[in-house]
Amino acid sequence: MSQQTGAREKAWSSTAPPGEFRSYISAEERRKEFTIRAIVLGALFGLLFGAVTVYVGLRAGLTVSASIPISVLSISILRAFGRSTILENNIVQTTGSAGESLAAGVMFTIPALIFLGFGSEFTFWRIFPLALLGGWLGVFFMVPLRRQLIVKEHGNLAFPEGTACADVLVAGERGGSFAGRVFWGLGLGGVYTFLMNSVQAWTSQPEGRPSWFPGASFRAAITSEYLGVGYIIGPRVAGILFAGGIVSWLVMMPAIKFYGQLAGNTPIYPSTIPIPLMTPDDIWRSYIRPMGAGAVAAAGLITLLRTLPTIFSALRAGLKDVRAEGAGQATASSRGGAGSVLTNLALRTDRDVSMRWVVGGSIAIIAMMWALLTFHPMKGANTQWYHNLLAGILVTIFGFLFVTVAARISGLLGNSSNPVSGMSIATLMATCAIFFVAGWTAPNYEVLALMIGGVVCTAAAIAGATSQDLKTGYLVGATPSYQQLSLLVGVTVSTIAIGTTLNLMNKGLEKYIPTEIPINLQTLPEGVKVERDTFTHQGKNYVLINSLSSHQIPDGEYLYDPSTKKIEFQWAQGIGSDKAPAPQARLMATVIHGILTQRLPWRLVLMGVALVIAVEVLGVRSLAFATGSYLSIATTGAMFAGGLVRALVEATTKKKDESEASPGALYSSGLIAAGGVFGLLGIIIALLQDPEISNRVPHFVTSILGLPWRPDLFSFGPKLMGPLATSNLFGIFMFALLAASLFYFARKKLD
């Protein structure tokens with residue numbers, strides 16, 4: 001590095017005031033940036049972190065930023081292939097982080113198809129195009145907002161994650177130590193997860209159901225990813241989440257069990273099982289989930305209302321800037337020629353993708369949305385061409401509205417405060433209100449509303465992360481147009497991993513539960529419908545039936561045998577099970593179905609709303625509490641353990657508010673990645689052991705891999721460990737060892 005560059009490095013500050021600020025790499029300098037290796041490595045990280053985020057998010061209902069882990073890994077890996085530049089590493093993290101943010105938007109909404117009764121249509125080719133459209137929309141709409149939010153508001157909008165990521169990139173000479181800490185977490189967490197899940201050397205969920213406290217259940221899902229998430233979100237947020245779980249599992253559920261004894265053998269809606277016969281899991285599914293859905297919806301709307309001043313100011317500034325910059329970029333683009341993709345501005349650090357491409361891309365997205373819904377409709381959810389055109393237009397309107405809001409809120413408070421769920425609920429409520437007034441209340445309009453909400457939610461999630469990436473680029477001196485192109489690449493590639501992972505989890509965790517319910521197919525109860533006339537299971541043909549808000553049959557999908565005139569199996573899909581509850585997606589389905597059909601367990605929903613109001617009156621931000629009240633206490637309990645480790649680290653090191661580049665946060669990122677990767681590996685192994693796998697894959701694959709694998713191929717833990725493999729105490733002991741490793745590495749300084 002030259003003396004001149006060395007002097008600039010010492011003087012450079014990411015938080016310098018506007019009059020004194022200069023980018024780390026000046027606009028006049030030319031360095032390797034948009035290289036093939038940077039794009040390929042970024043795309044690989046996008047695939048990895050997109051899959052991991054889906055896995056962890058469906059289980060925990062939370063996501064964490066991937067930009068800094070990707071940055072430190074990039075610095076280390078690119079160095080192994082020769083000297084890399086800070087701009088190359090920035091392209092890697094920009095491309096890779098698209099997977100994490102895209103996954104958050106998709107998994108919050110699209111899985112609601114399952115809960116709305118279209119589970120058989122939940123396939124890769126349904127997920128992929130919707131995720132892609134939402135991702136592209138978020139990137140395109142951020143182009144005209146960059147100058148206003150990133151450049152002109154420097155000093156006013158902090159963009160905390162983007163600024164921290166820039167600091168990590170500038171400190172790239174320390175990349176080996178940074179990356180080593182992530183790899184330690186990945187290695188130890190991977191061994192722990194494989195031994196627990198695949199080898200089954202110890203139980204993954206210690207549980208106690210005390211006879212002296214009927215209806216309660218003490219349990220913890222002792223996974224590495226929950227421990228890592230709990231550490232990163234900190235003891236306060238983890239504690240609020242756990243408090244929600246305590247209220248649901250140790251207050252509400254025992255109360256339901258106690259008073260429910262008076263009901264005798266009479267089921268109380270929405271359950272179809274008498275309360276005295278219900279297990280804690282039955283009570284949670286039937287009564288706590290609707291209550292939790294009401295709580296999360298209320299908390300999301302309160303969060304949205306709290307940010308209304310920011311929303312209005314963001315919209316005014318955004319619309320003003322789009323008009324001004326649109327005119328300026330159109331002039332610059334015309335000077336660069338009719339086919340110019342990038343604006344022909346003098347400075348490298350001022351080049352954006354041309355507004356012509358932004359406008360053209362937005363029109364193309366409307367057309368693609370219309371074509372997707374018109375020519376590739378879901379079975380049983382056909383809509384007219386003008387309905388589909390309206391959907392495309394609403395996606396664009398709401399998309400621009402909430403992309404602007406998401407970007408500004410991320411700048412003010414950080415991407416973790418981006419109220420994506422609240423904005424999605426607002427989109428769905430507005431759309432469903434339009435549909436309700438128009439008389440469009442059939443199930444096909446529920447699907448149409450979900451498609452609109454899914455694309456908008458994805459666009460808002462992408463915008464929050466994209467704004468942080470563009471801030472990082474502004475601070476280090478990147479070329480904006482290259483970042484915007486790399487984001488489009490990252491979104492496109494990550495969509496493949498996200499669609500595949502969602503499908504894999506849904507299939508890998510599904511169960512066929514024997515369930516005998518006699519029904520008359522010609523006179524189905526209210527809320528029950530035929531989803532598919534033919535459904536094959538174990539070589540036998542059934543009729544696939546869906547129940548939603550029925551007083552006679554629990555919510556879910558069932559296999560009906562015409563010969564016996566009975567339901568014989570419940571098809572319990574993986575998403576929505578206790579291992580992947582997908583709380584936000586279930587909430588979206590509740591909002592849509594509730595508005596359009598006006599059939600919900602409203603008393604339970606309103607109890608959740610009242611609970612949130614009480615928490616807000618106490619001065620506690622309710623969104624984390626509401627999420628905790630919905631999730632299993634096994635999830636929130638394990639995350640609380642991670643928060644306690646962080647509290648202990650801060651108490652013993654006398655340091656508060658660790659950054660995302662701290663030793664403990666980096667090790668936790670490795671634990672989260674390990675849990676996701678090896679958790680998915682366990683699901684794949686389970687699928688390869690399925691006796692029917694030979695009917696689902698080509699014959700040559702069956703021959704090469706010797707499918708199906710025997711059930712005990714990897715799960716030899718119970719034979720070796722004996723009673724310890726099922727011991728609650730031994731499982732807790734192993735989790736304590738993993739927590740001890742987190743405590744050790746969090747206190748160990750980076751070199």
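Residues numbered from 1 in each chain as written. Predicted model: local features only at pLDDT ≥ 70, side-chain atom pairs only at ≥ 80, totals over all residues. Heavy atoms only, no water.

*Asks:* Can you help me understand the overall build of the protein in this one?
*Replies:* Of regular secondary structure, the protein possesses 25 helices and seven strands. In the protein, which comprises 751 residues, the proportion classed as buried is 60%. Partitioning the intrachain contacts of the protein with sequence separation of at least 6 by distance along the chain shows that 78% fall at a separation of at least 24. If you sum the accessible surface of the protein, you get close to 29500 Å²; carbon and sulfur atoms cover 64% of it. (Helix = DSSP H or I, 4+ residues; strand = E, 2+ residues; numbered from the N terminus. Buried < 20%, exposed > 50% of the residue type's maximum accessible area, 1.4 Å probe, protein only. Contact = heavy atoms within 4.5 Å. Areas by Shrake-Rupley, 256 points an atom, 1.4 Å probe, with all protein chains shown as cover.)

*Asks:* What is the right way to look at the sheet that holds strand E3 (residues 511-518) in this model?
*Replies:* Hydrogen bonds between backbone atoms are what pair the strands of a sheet, whose relative direction is either parallel or antiparallel. In spatial order, the strands read E3-E7-E6-E5-E4; together these five strands make up an open sheet with antiparallel pairing. Each end of this open sheet is capped by a strand with a single partner; those strands are E3 and strand E4 (528-537). Neighbour-to-neighbour, the strand axes of this sheet turn through a mean angle of 30°, independent of strand direction. Here six bridges tie E3 to strand E7 (residues 566-572), and the two strands are oriented antiparallel to one another. Bridged to Ile517 within E7 is Ile567. (Pairing = 2+ DSSP bridges. Axes fitted to C-alpha atoms, helices over the stretch in contact; angles between N-to-C directions.)

*Asks:* Please explain helix H20 (residues 622-630) as it appears in this structure.
*Replies:* Residue pairs spaced three or four apart in an α-helix point in one direction, given the helix's 3.6 residues per turn. Buried residues dominate H20, accounting for eight of its nine residues. Here H20 has its buried residues at Ser622, Ala624, Phe625, Ala626, Thr627, Gly628, Ser629 and Tyr630. Summarising the contacts, the buried residues of H20 are in contact with helix H10 (224-260), helix H11 (280-306), helix H18 (583-597), helix H19 (602-617) and helix H21 (633-653).

*Asks:* Looking at this model, I keep getting lost on the environment of Pro554. Mind explaining?
*Replies:* Position of Pro554 among the secondary structure elements: in the loop between strand E5 (540-547) and strand E6 (556-561). Residue classification places Pro554 among the partly exposed residues on the basis of a relative accessible area of 28%. Between the alpha carbons of Pro554 and Tyr269 there is a distance of 9.3 Å; along the sequence they are 285 residues apart. Those residues within four positions of Pro554 in sequence are excluded, and the remaining contacts are Thr272 and Ser547.

*Asks:* Is there a simple way to think about the nonpolar core in this case?
*Replies:* Nonpolar side chains in soluble globular proteins tend to end up buried together. Ranked by internal contacts, the top residues of the largest apolar core, which has 146 residues, are Leu58, Leu113, Met451, Leu502 and Met505. It is helix H16 (residues 443-476) that provides the largest number of residues to this core, a total of 16 residues. Setting aside residues up to four positions removed in sequence, Leu58 forms contacts with Thr53, Met107, Pro111, Leu502, Met505, Ile575, Ala580, Pro581, Ala582 and Pro583. (Core = buried A, V, L, I, M, F, W, Y, C linked by side-chain atoms within 4.5 Å.)

*Asks:* Sorry if this is basic, but what is going on with the pattern of salt bridges here?
*Replies:* The full count for this structure, using the stated rule, is 18 salt bridges. Among the ionic pairs, Asp282 bridges to Arg285, the shortest N-O distance being 3.1 Å. Placement of the pair is Asp282 and Arg285 together in helix H11, with a separation of three residues, close to one helical turn. A single salt-bridge network, built from bridges that share partners, covers Glu207, Arg209, Arg219 and Asp281. (Salt bridge = Lys/Arg side-chain N within 4 Å of Asp/Glu carboxyl O.)

*Asks:* Just checking my understanding: could you explain a nonpolar patch on the surface for this structure?
*Replies:* Together, Trp385, Tyr386, Leu389, Ile393 and Ile397 line one region of the surface with nonpolar side chains, adding up to about 500 Å² of accessible area. Along the polypeptide, Ile393 turns up in helix H14 (residues 385-413). You can call Ile393 partly exposed: its relative accessible area is 37%. (Patch = residues over 30% accessible without salt bridge, like charges linked within 9 Å, V, L, I, M, F, W, Y side chains within 5 Å.)

*Asks:* Just checking my understanding: could you explain the packing of H16 against H18 for this structure?
*Replies:* When two helices pack together, you describe them by how their axes are tilted relative to each other and by the distance separating the axes. Running from amino to carboxyl end, H16 crosses H18 at an angle of 135°, the nearest separation of the two axes being 10 Å. By the angle between their axes, H16 is oblique relative to H18. The way H16 lies across H18 gives a crossing that is right-handed. Every residue of H18 that contacts H16 at Tyr445, Glu446, Ala449 and Leu450 is listed here: Ile592, His593, Leu596 and Thr597. Residue composition of the contact of H16 with H18, grouped by class: five nonpolar, two polar and one charged. (Parallel < 35°, antiparallel > 145°, perpendicular 65-115°, else oblique. Left-handed = near helix turned anticlockwise from the far one by under 90°. Nonpolar A, V, L, I, M, F, W, Y, C, P; charged D, E, K, R; others polar.)

*Asks:* Before we go on, may I ask you to explain the pairing of E4 in this structure?
*Replies:* Moving residue by residue along a regular strand, the side chains alternate between the two faces of the sheet. Here E4 runs beside E5; their pairing, made up of seven bridges, is antiparallel. Each residue of the ladder has a partner; that of Lys529, found in E5, is Asn546. Count of turn residues in the E4/E5 antiparallel hairpin: two residues, of which Gln538 carries a positive phi of about 55°.

*Asks:* Explain the packing of H11 against H20 here, please?
*Replies:* Across the interface, H11 lies against H20 with an axial gap of 8 Å and an inter-helix angle of 165°. Here H11 is positioned roughly antiparallel relative to H20, judged by the angle of their axes. Read as a crossing pair, H11 and H20 show a hand that is left-handed. For the pair H11 and H20, the contacting residues are Trp284, Ile288, Arg289, Gly292, Ala293, Ala295, Val296, Ala299, Gly300 and Thr303 in the first and Ser622, Leu623, Ala626, Thr627, Ser629 and Tyr630 in the second. Classifying every residue of the contact of H11 with H20 gives nine nonpolar, six polar and one charged.

*Asks:* What is the right way to look at unusual backbone geometry in this model?
*Replies:* Leaving glycine out, the prevailing phi sign among residues is negative, and the prevailing peptide bond configuration is trans. The linkage connecting Leu707 with the following residue, Pro708, adopts the cis geometry, with an omega of -5°. Positive phi values are uncommon outside glycine, yet Gln200 reaches one of about 60°. Considering the arrangement of structural elements, one finds Gln200 in the loop between helix H9 (175-197) and strand E1 (207-208). The exposure class assigned to Gln200 is partly exposed, which follows from its relative accessible area of 38%. Although it is not a glycine, Lys565 adopts a positive phi angle of roughly 55°. Looking at where Lys565 falls in the secondary structure, it is placed in the loop between E6 and E7.

*Asks:* I tried to follow H19 on my own but got confused; where do I start?
*Replies:* Look at H19: 22 Å from first C-alpha to last across 16 residues, which is about the 22 Å you get at 1.5 Å a residue. Taken together, the buried positions of H19 are occupied by Leu604, Val605, Gly608, Val612, Val615 and Glu616. Across the axial projection of H19, the buried residues extend over an arc of 130°, all falling on one side. Across from the buried face of H19, at angles greater than 90 degrees, the exposed residues are Arg603, Leu606 and Val617. Contacts made by the buried residues of H19 are with H11 and H20. Positive backbone phi, approximately 90°, marks Gly619, located one or two places after H19. (Expected span 1.5 Å × (residues − 1). Arc of directions from axis to C-beta.)

*Asks:* Is there a simple way to explain the side chain of His387 in this structure?
*Replies:* Along the chain, His387 turns up in helix H14. Take His387: its relative accessible area is 3%, and that puts it in the buried class. Residues within four places of His387 in sequence aside, it is in contact with Trp440, Tyr445 and Leu448.

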